[in-house]
Amino acid sequence: MSSKEEHESSVLFHRVSHPLNEHSKLTEEQLNKYETWKTQPAMAQIKLEFIDFDHEVRLSIEHLNENDKKIAAETNNSETNDSTEPKKKKFKGQNRKHLEINAKSSTANENNHHLCFFVVRGGLDKCPYKSSCKHSHDLSNYLTQRPADFDKNCYMFDVYGQCFYGILCRFGQSHIDPITGHNKIVARLNQTYVESLNKYPPLLKHFLRRKKYDYKLSDHLTKIANKLITKVNVAKRNNPTAADENQDDKEKEDRSLPDETEILPPDVDAIDDDQQASQVSRPIPFRTLGTITDVDMIRLKPREKVRIDFNRRLYLAPLTTVGNLPFRRICKEYGCEITCGEMAMTTSLLQGQMSEFALLRRHPSETIFGVQLCGSFVDTMTRTVQLLEENFDYDFIDLNCACPIDLVYKKGAGCALTRRTIDFERICRSVSCLSTRPITIKLRTGIMTGENNAHEIVSLAKSWKSDYDDNHVVDLFTLHGRSKEMRYSKSADWNYVDECAKLSNPIPFYGVGDIYAFEDYYKRLDETSVSGCMIARGALIKPWLFTEIKEQRTWDISAGERFDMLKRYTNYGLEHWGSDQSGVEKTRRFLLEWFSFLYRYIPVGLLERLPHRLNERPPYFFGRNDLETLMSSKLCSDWVKLTELLLGKVSSGFHFLPKHKANAYG
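Residues numbered from 1 in each chain as written. Predicted model: local features only at pLDDT ≥ 70, side-chain atom pairs only at ≥ 80, totals over all residues. Heavy atoms only, no water.

Student: Sorry if this is basic, but what is going on with the pattern of salt bridges here?
Tutor: Oppositely charged side chains are able to pair whenever their charged atoms sit close together. Taken as a whole, this structure holds 26 salt bridges when the rule is applied. A salt bridge links R362 to D393, with the shortest nitrogen-to-oxygen separation between them at 3.5 Å. Taken together, the residues span a long stretch of sequence, with R362 in the loop between α15 (354-357) and β4 (368-374) and D393 in the loop between α16 (378-391) and β5 (396-401) at a distance of 31 residues. Relative accessible area serves as the criterion here: at 5%, R362 is assigned to the buried category. Taking the relative accessible area as the measure of exposure, D393 reaches 30% and is therefore partly exposed. The network of salt bridges with shared partners includes R362, D393 and D395. (Salt bridge = Lys/Arg side-chain N within 4 Å of Asp/Glu carboxyl O. Helix = DSSP H or I, 4+ residues; strand = E, 2+ residues; numbered from the N terminus. Buried < 20%, exposed > 50% of the residue type's maximum accessible area, 1.4 Å probe, protein only.)

As structure tokens, this is what we get:
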């Protein structure tokens with residue numbers, strides 16, 4: 001952030017362009033409108049002096065593509081003309097091409113002069129392609145064509161004394177030699193750079209893309225699960241009235257999967273350490289010298305799991321697109337205890353897609369971190385779990401049975417998995433047998449509204465136990481109190497959540513839905529039987545909700561404090577995605593996606609009634625200063641202005657559309 005941009009943000013913070021409303025100067029029509037809003041359901045009650053009665057509802061077309069500009073123009077014209085013409089096409093709903101539009105915009109803005117990344121990182125000797133490399137190795141030539149920096153201060157260099165992007169950094173004035181282009185390194189005694197965990201290992205990429213990864217363990221386990229569970233269900237179908245104790249004992253014996261040491265078939269030799277090390281990127285345990293710890297003295301038995309205390313922990317839900325690593329770091333700073341990565345598709349992981357493995361990244365500050373998997377078949381699930389067990393660092397696995405997206409549902413994954421109970425049991429039992437970490441399940445109330453089936457899934461999964469230690473297969477249930485059909489509309493059904501929580505005892509059970517204030521959080525804990533509450537959209541709109549819950553207070557956070565939070569997110573984004581042109585664009589776009597939720601926050605000082613509910617929509621209002629007003633804007637163009645205060649000006653061809661053209665309140 002340059003000194004000029006910092007001055008602009010300071011001016012916005014101290015300037016108040018809109019004077020406060022005075023009751024005596026308002027018209028009777030405005031006062032009647034205000035009284036109507038106070039009694040209208042699902043309407044947030046804003047103080048009279050902050051309501052913008054003269055707001056003109058118009059859509060900004062500054063950063064839209066051509067097709068959406070036409071729709072926005074038609075919408076604006078229809079709102080200004082009071083006629084009986086047919087209604088124009090509404091500018092709302094999901095924009096299915098938003099990724100394509102944003103990607104084209106990023107590609108158009110990239111610099112055409114590509115520099116070899118090996119040369120940037122370690123010099124010409126580090127490039128394995130030498131003279132045959134298709135990228136440029138000429139630093140002096142690149143210096144003459146290098147675009148102007150956004151700012152003279154680089155976050156990575158200022159904090160850690162080294163920027164890994166060198167001459168490619170868009171904030172590189174402080175660490176790039178203007179003559180030679182070499183990258184400066186300064187030792188920082190008080191700061192040590194700690195890389196994020198779970199990077200995609202090159203060796204693993206090699207095996208996956210050539211389909212040479214050894215899945216003997218998971219494949220044989222899948223065959224056993226398919227054979228035994230199918231056998232039991234066929235017997236039940238053919239003889240449904242058989243309920244004698246011998247049959248029950250036989251079923252219990254048939255459903256118990258073998259120990260990991262007994263999984264491999266007789267004709268397959270056990271994998272020795274050398275063979276395992278050839279494909280596994282994580283180091284194999286070995287004997288060491290030094291102080292003896294509990295890990296050295298107390299060895300885990302085969303398939304024995306490391307248990308996690310899930311009771312009353314602050315749990316950030318896995319959030320697609322916006323629940324990235326920089327956002328999770330922000331939530332950790334505000335007091336979040338359990339974090340989970342974005343939903344990863346098992347088929348994409350097995351294909352070796354880099355974009356999917358990026359969802360598994362973990363920051364060292366995330367003390368309890370989970371990986372959420374979404375799949376529809378037992379073979380892909382078990383293969384993925386074996387892959388994760390042998391190569392990545394995490395604390396638990398969350399099986400997604402709650403995704404309402406049609407594309408996922410039609411493939412038999414997400415919510416559809418709860419209707420395929422036989423496949424669901426195969427997946428849970430096989431994954432639990434293979435994993436040494438706890439297994440959690442995320443559910444919705446059902447597929448259709450009024451046809452709840454989550455209680456059946458909870459009762460079924462609760463009956464699954466491991467014979468060798470009598471522990472449950474599932475270690476935690478989380479239930480979103482809405483159906484697939486409801487998506488995120490209406491209010492969550494916490495009465496049904498409480499009913500399912502009682503059924504799950506003694507397995508921990510978390511409820512999800514409409515937690516937006518510390519009063520909501522403690523009300524659900526006191527009035528229901530849940531072990532805790534998972535926080536999703538509430539954290540997207542106000543990440544400091546975790547602090548409010550811990551301190552049991554409502555925080556009237558200022559616009560300056562919120563802007564400082566955006567600064568930290570920007571710095572974390574540049575550290576995670578990079579400070580080169582590509583990294584700056586990624587940081588900007590993920591920040592803009594987050595703004596589609598952040599703008600919905602209503603400052604506490606403007607509200608007449610507390611607590612504010614998640615689904616309450618406010619009338620148009622202005623803030624206590626211009627920066628607060630700008631942060632409450634619904635226009636994408638205003639969000640882009642905020643990012644320009646943090647990441648510099650956007651190019652003339654920049655286009656952005658959020659994931660939804662109009663973000664629903666519920």
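Student: When you look at the nonpolar core in this model, what are you seeing that I'm missing?
Tutor: Inside soluble globular proteins, nonpolar side chains tend to come together where they are buried. Residues F327, F357, F477, F509, F546, L566 and W594 are the most contacted members of the largest nonpolar core, which totals 135 residues. Tallying contributions element by element places helix α24 (residues 559-577) first for this core, with eight residues. Here F357 is in contact with N198, Y200, L204, L208, L349, G352, L387 and F392, once residues within four sequence places are set aside. Ranked by size, the runner-up nonpolar core spans 15 residues in total, among them M43, A44, I51 and F621. (Core = buried A, V, L, I, M, F, W, Y, C linked by side-chain atoms within 4.5 Å. Contact = heavy atoms within 4.5 Å.)

Student: I'm lost on helix α21 (residues 518-527) in this one. Help?
Tutor: For an α-helix, the turn length of 3.6 residues means that residues three or four places apart are oriented alike. All of the buried residues in α21 are F518, D520, Y521 and L525. Along α21, the residues classed as buried sweep out an arc of 165° about the axis, all on the same side. Facing away from the buried side of α21, by more than 90 degrees, are the exposed residues D526 and E527. Close packing links the buried residues of α21 with β9 (532-535) and α23 (545-551). (Arc of directions from axis to C-beta.)

Student: Which parts of the structure should I look at to understand the packing of aromatic side chains?
Tutor: A ring pair, where both rings are aromatic, is described by two values, the distance of the centres and the angle of the planes. Applying the stated criterion across every chain yields a total of 20 aromatic pairs. Ring centres of Y315 and F396 lie 6.2 Å apart, and the angle between their planes is 85°; this geometry places the pair in the edge-to-face category. A residue pair is termed long-range when its members are at least 10 positions apart, and Y315 in strand β1 (residues 315-316) and F396 in strand β5 qualify at 81 residues. The exposure class of Y315 is buried, given its relative accessible area of 0%. Between F424 and W464 the ring centres are 5.8 Å apart and the planes differ by 55°, which places this aromatic pair in the tilted class. With F424 in helix α18 (residues 421-434) and W464 in the loop between α19 (454-462) and β7 (476-480), the pair connects residues that are 40 residues apart, well separated along the chain. Across the pair, W464 and F424 agree in class, each one buried. A network of ring pairs unites the aromatic residues F310, Y315, F396 and Y510 as a single cluster. Here the basic side chain of R444 rests over the ring of Y488, its NZ or CZ set 5.2 Å away from the ring centre. (Phe/Tyr/Trp six-rings, centres within 6.5 Å; stacked < 30°, edge-to-face > 60°. Lys NZ or Arg CZ within 6 Å of the ring centre and 35° of its normal.)

Student: Teacher, can you tell me more about helix α20 (residues 494-504) here?
Tutor: Where α20 is concerned, the buried positions are W494, Y496, V497, D498, C500, A501 and S504. Close packing links the buried residues of α20 with α19, β7, β8 (509-512), α21 and β9. Its side-chain oxygen 3.3 Å from the backbone nitrogen of N495, D493 forms the N-cap of α20. (Polar contact = N/O pair within 3.5 Å; in protein donor to acceptor, adjacent residues only side chain to side chain.)

Student: Can you walk me through the side chain of R588 in this structure?
Tutor: Position of R588 among the secondary structure elements: in helix α25 (residues 581-598). Beyond its immediate stretch of four places on either side in the chain, R588 contacts T643, E644, L647, G648, K649, V650 and F654.

Student: Would you mind going over the side chain of D52 with me for this structure?
Tutor: Assignment of secondary structure puts D52 in the loop between α2 (28-39) and α3 (66-80). Summary of buried charges: D52 has no salt-bridge partner, and the nearest side chain of opposite charge, K33, is 9.9 Å away. Setting aside residues up to four positions removed in sequence, D52 forms contacts with H18, Y620, F621 and F622. (Lys, Arg positive; Asp, Glu negative; His and termini not counted.)

Student: What should I look at first to understand the environment of L221 in this one?
Tutor: Examined against the element boundaries, L221 turns out to sit in helix α9 (residues 216-238). On the basis of relative accessible area, L221 is assigned to the buried category, the value being 0%. In this structure, the C-alpha to C-alpha distance between L221 and T382, residues 161 residues apart in sequence, is 8.2 Å.

Student: I'm lost on unusual backbone geometry in this one. Help?
Tutor: The residue after N505, namely P506, is reached through a cis peptide bond having omega 15°. Within the element layout of this structure, P506 appears in the loop between α20 and β8. Note the cis peptide between L610 and P611, where omega equals 0°. In this fold, P611 is placed in the loop between α25 and α26 (626-631). The phi dihedral of R487 falls on the positive side, at around 55°, and the residue is not glycine. On the secondary structure map, R487 appears in the loop between β7 and α20. One non-glycine residue, Q552, adopts positive backbone phi at about 50°. Within the secondary structure layout, Q552 lies in the loop between α23 and α24. Its relative accessible area of 49% is what places Q552 among the partly exposed residues.

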